[in-house]
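Close look at the chain arrangement
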Amino acid sequence: PDRHQVNSELLEIKRSYYGISAEKIDTRLPNRAIVDVLNVNDIPYLDITECLSVRDDVQDLYYSKDNHFTSGGHAAAAACMSKGLEQIFGLNPSH
């Protein structure tokens, strides 16, 4: 996900800078568009946006100047994907 999708503080800064009202921003629109295509084509997917957005360290997941994950962001994304894959495939990593 884009860093503005998971970090509401960054989104607010960008929104204010461009003078866009909060009602006009739908951070999940790109996700829904992709999910629609995936569902139509019966392709399984894993969306980690929500998992990342509820983390206490969300401000540390991306570099400040671009949308790339930091090492902590990669670790967080991997943890979110692991949880999702466990649910999708019914895995239990403790066994």
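Our structure is the block above this text.
Structure report, in brief.

Thoughts on the overall build of the protein
- In terms of regular secondary structure, the protein is built from five helices and zero strands.
- Going from the N terminus to the C terminus, the protein shows its helices and strands as α-α-α-α-α.
- C-alpha atoms of the protein, sized along the principal axes, occupy 50 × 35 × 20 Å.
- Across the 95 residues in the protein, those meeting the buried criterion constitute 23%.

A word on the state of the cysteines
- In total, this model carries one disulfide according to the counting rule given.
- Each sulfur in the disulfide pair Cys-51 and Cys-80 lies 2.1 Å from the other. Residues Cys-51 and Cys-80 are joined by a disulfide whose S-S torsion is about -80°; by sign, that bridge is left-handed. Remark: Cys-80 occurs in helix 5 (residues 71–89) and Cys-51 occurs in helix 4 (residues 49–53); sequence separation between them is 29 residues.
- Among the residues examined, Cys-80 registers a relative accessible area of 5% and is labelled buried.

Side note on unusual backbone geometry
- Positioned with a positive phi, Asp-42 is a non-glycine residue whose angle comes to about 55°.
- Following the sequence through the fold, Asp-42 ends up in the loop between helix 3 (29–40) and helix 4.

Procedures and definitions
- Residues numbered from 1 in each chain as written.
- Predicted model: local features only at pLDDT ≥ 70, side-chain atom pairs only at ≥ 80, totals over all residues.
- Heavy atoms only, no water.
- Helix = DSSP H or I, 4+ residues; strand = E, 2+ residues; numbered from the N terminus.
- Buried < 20%, exposed > 50% of the residue type's maximum accessible area, 1.4 Å probe, protein only.
- Disulfide = S-S within 2.5 Å.

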